[in-house]
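Report on the structure
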Amino acid sequence: MKIRRAAVTGMAVVMFASAGSDAFACGDKFLRPGRSSRQARYAAAYPASILIVKSARSNANGLKDWQKMLKKAGHSSLVVDGAGVSKALAGQSYDVLIADYNDAVSLGPALQAIPAKPGLLPVLNKTSESLEAQARAEFHSVINPSAMTAFQALQEIDQLMEQRLKKVASVKVR
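Residues numbered from 1 in each chain as written. Predicted model: local features only at pLDDT ≥ 70, side-chain atom pairs only at ≥ 80, totals over all residues. Heavy atoms only, no water.

1. So, the pairing of strand 6 (residues 119–123)
Remark: a regular strand shows side chains that alternate across the two faces of the sheet. For strand 6, the tally of buried residues reaches five of five residues, placing the bulk of the element in the interior. With burial as the criterion, each face of strand 6 is covered, one bearing Gly 119, Leu 121 and Val 123 and the other bearing Leu 120 and Pro 122. Two strands pair when backbone bridges link them, and strand 5 (residues 96–100) and strand 6 are joined in this way by five bridges, in the parallel orientation. Within the sheet, the bridge partner assigned to Ala 99 lies in strand 6 and is Pro 122. Viewed along the sheet, the connection from strand 5 through helix 4 (residues 101–111) into strand 6 turns out right-handed. (Buried < 20%, exposed > 50% of the residue type's maximum accessible area, 1.4 Å probe, protein only. Helix = DSSP H or I, 4+ residues; strand = E, 2+ residues; numbered from the N terminus. Pairing = 2+ DSSP bridges. Right-handed = clockwise from strand over helix to strand, strands pointing away.)

Here it is, written out as structure tokens:
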């Protein structure tokens, strides 16, 4: 009877302890693809340094919320206006550059000259199916705030990071 009670108590303690923190599964990202064990927050599969380009339509509170969400997911981020992009890229290398779709199109050629080319992730503020299809064809990963949740936007960042890592691995193999 005492052994059974001790076993039940031990199992309860383990369940409560594991619910309070991420279960890393020996560091294997495939066993925790995107969400923590509590399902309360997104855990980035590929933590990235992110440069966010503030557009004229950007909302200051929205950007702060977006930065908090990125930080909770495991990313680091910096917000700059359009004029500060080249200075920010000259001072530090970033994995991902998030910008309004129109800004992303104009920034694309300039990013090719940078040795550590960040992945470009456009945000579609005005959406239509044809525009989204065009953006996905051009950039593959796209954030569409009106058609996706915050978790889906974070998954787009992970998808972009995975593509970048595959490119780097294929270049090293050659």
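Still to come is the rest of the account.
2. A few points about the environment of Thr 127
Within the element layout of this structure, Thr 127 appears in the loop between strand 6 and helix 5 (129–139). Taking the C-alpha atoms as reference, Thr 127 lies 7.8 Å from Ser 146; in sequence the two are 19 residues apart. Not counting chain neighbours up to four residues away, the residues in contact with Thr 127 comprise Asn 144 and Ser 146. (Contact = heavy atoms within 4.5 Å.)

3. Considering the sheet that holds strand 6
Here four strands make up an open sheet; going across it, the order is 4-3-5-6 and the pairing parallel. What marks the edges here is a single partner per strand, and that holds for strand 4 (76–81) and strand 6. If you compare each strand with its neighbour and ignore which way they point, the axes differ by 25 degrees on average. (Axes fitted to C-alpha atoms, helices over the stretch in contact; angles between N-to-C directions.)

4. Remarks on helix 4
Those residues of helix 4 not exposed but buried are Tyr 101, Ala 104, Leu 107, Gly 108 and Leu 111. The buried residues of helix 4 occupy one face: seen down the axis, they fall within an arc of 130 degrees. Projecting away from the buried face of helix 4 at angles above 90 degrees are the exposed residues Asn 102, Ser 106 and Pro 109. (Arc of directions from axis to C-beta.)

Remember, this is a structural readout, not a statement about activity or role.
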